[in-house]
Amino acid sequence: MNKFLEVLKSGKVLLCDGAMGTELQKRGLPSGACSEEYNISHPEIIKSIHKDYFDAGSDIVETNTFGANGARLKLHGYEDRVKEFCIAAASIARSVCPNDKFVAGSVGPTGELLEPLGDLSEEEAYRIFTEQVEALEEGGVDVIFVETMMAAEEAVIATRAAKGNTSLPIIGSMTFELGKTGLRTMWGIDIKTEVEKYTEAGANVIGANCGKGFDEMTKIINEMRPLTKKPIIAQSNAGIPEWIHGMPVYTETPEVMAPKAEEILNAGVNILGGCCGTDPTHIKKMREILDRLTKDHILF
């Protein structure tokens, strides 16, 4: 069995990292710039972010490849550099990863609509995701994170591309918001459908990321947990951002987040982490909470 899956099967709850994008902005990434290009031009910055998260207590860090697919990179004229960016990103994270920790390859949406709503065919989407996941495996990641998905069809294609073209475990997550019809993605996918689609496609872990904050994430996990026996991942934003001087400022500090993170852990997640606006101080606080609950045998 894969080492990552062995650890999950043992019952250990893993701690993922926090945001990459907002950390890059703090370190000077210009608005509208291609963050994935920093894997080549500013590898020391990417390395410092990964190291900060490992030092804060992360068991897993995600590569700086959320948008490193041919469709999204085309917006910057980098569509021919997918393999270069992904291998570099994986290698950077691997270089600071302790022996008992893990590197996850981040795979986000293409940013395009699938036929018949848009021009992207299923075959081309599959090719796009395959190119990315193969490069991430070549670079040395331990697991693939298919994340921030809104449409079930695209989530399934990305998962199948990873399952069919790599030997890696796959984590699949979608982004939900609470509305009049309950918790759904922007494309109307509910949690039950997400669980069914990712399970059918072969994901090893299912969950949610991004969203409006830790309060809403607790609702998501409470609804999801009874629907699957698979491990669950939860990576919440640090609340809803306020725009100050053209920059997003997130309001959920580590102290505000702490009791909410504990609720999520008690709801039955197997991997906890952060998304937009969370930084190493959030992860350090999560580490303290997780270690305390584990020591007290609350999570077992």
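Relevant structure appears above.
Calculation rules
Residues numbered from 1 in each chain as written. Predicted model: local features only at pLDDT ≥ 70, side-chain atom pairs only at ≥ 80, totals over all residues. Heavy atoms only, no water. Helix = DSSP H or I, 4+ residues; strand = E, 2+ residues; numbered from the N terminus. Buried < 20%, exposed > 50% of the residue type's maximum accessible area, 1.4 Å probe, protein only. Lys, Arg positive; Asp, Glu negative; His and termini not counted. Salt bridge = Lys/Arg side-chain N within 4 Å of Asp/Glu carboxyl O. Contact = heavy atoms within 4.5 Å. Disulfide = S-S within 2.5 Å. Pairing = 2+ DSSP bridges. Core = buried A, V, L, I, M, F, W, Y, C linked by side-chain atoms within 4.5 Å. Expected span 1.5 Å × (residues − 1). Phe/Tyr/Trp six-rings, centres within 6.5 Å; stacked < 30°, edge-to-face > 60°.

Draft legend 1. Local environment of the side chain of Glu154. Here Glu154 lies in helix H8 (residues 152-165). In this structure Glu154 is buried but unpaired, with Arg72 as the nearest side chain of opposite charge at 7.8 Å. Not counting residues up to four positions away in its chain, the partners in contact with Glu154 are Pro109, Thr110, Gly111, Leu114, Phe129 and Met149.

Draft legend 2. Broad picture of the state of the cysteines. This model, assessed by the stated rule, comprises 0 disulfides. For Cys210, which is in no disulfide, the shortest distance to another cysteine sulfur is to Cys276 and amounts to 4.0 Å. Residue classification places Cys210 among the buried residues on the basis of a relative accessible area of 16%. Between Cys275, a free cysteine, and Cys276, which holds the nearest cysteine sulfur, the sulfur-to-sulfur gap is 4.2 Å.

Draft legend 3. Geometry of the environment of Gly21. Mapping Gly21 onto the fold places it in helix H2 (residues 21-26). C-alpha of Gly21 to C-alpha of Cys97: the two residues are 76 residues apart in sequence and 20 Å apart in space.

Draft legend 4. Local environment of the pairing of strand E12 (residues 271-274). Residue alternation in E12 divides its side chains into two sets, Ile271 and Gly273 and Leu272 and Gly274, and both sets are buried. Summarising the sheet, strand E1 (residues 14-15) and E12 pair through 2 bridges and their orientation is parallel. Bridged to Leu15 within E12 is Leu272. As judged from the 4 bridges shared by strand E9 (residues 232-236) and E12, these two strands associate in the parallel manner. Across the sheet, Ala234 pairs through a bridge with Leu272, a residue of E12.

Draft legend 5. Structural context of the nonpolar core. Within the largest apolar cluster, 78 residues are counted, with the highest numbers of intra-cluster contacts made by Ile144, Ile220 and Ile221. When residues no more than four places from it in sequence are discounted, the contact partners of Ile221 are Ile232, Ile233, Ala234, Ile264, Ala267 and Val269. Ranked by size, the runner-up nonpolar core spans 14 residues in total, among them Ile60, Phe102, Phe145 and Ile171.

Draft legend 6. Local environment of helix H6 (residues 82-95). Under the 1.5 Å per step criterion, the end-to-end length of H6 is 20 Å for 14 residues, consistent within 8% with the ideal 20 Å. Residues of H6 that are buried include every one of Val82, Phe85, Cys86, Ala88, Ala89, Ala90, Ile92 and Ala93, and no others. For H6, the elements touching its buried residues are helix H3 (38-41), helix H4 (43-56), strand E2 (60-62), helix H5 (70-73), strand E3 (102-107) and helix H7 (122-139).

Draft legend 7. The packing of aromatic side chains, seen in detail. All chains considered together, the criterion is met by 2 aromatic pairs. Measuring from centroid to centroid gives 5.2 Å for Phe4 and Phe102, while their planes differ by 90 degrees, and the two rings are edge-to-face. Of this pair, Phe4 sits in helix H1 (residues 3-9) while Phe102 is found in strand E3, placing the two residues 98 residues apart along the sequence. For the pair formed by Phe4 and Phe102, the shared burial category is buried. Taken together, a centroid distance of 5.5 Å and an interplanar angle of 75 degrees make the contact between Tyr78 and Phe85 edge-to-face.

Draft legend 8. Focus on H4. In this model H4 runs 20 Å from its N-terminal to its C-terminal C-alpha over 14 residues, within 8% of the 20 Å that 1.5 Å per residue would give. Among the residues making up H4, those that are buried are Ile45, Ile46, Ile49, His50, Tyr53, Phe54 and Ala56. The elements touched by buried residues of H4 are H2, H3, E2, H6, E3 and helix H12 (280-295). Where H4 terminates, the next one or two residues include Gly57, which has phi positive at roughly 120 degrees.

By themselves, these observations are geometric and do not establish any function.
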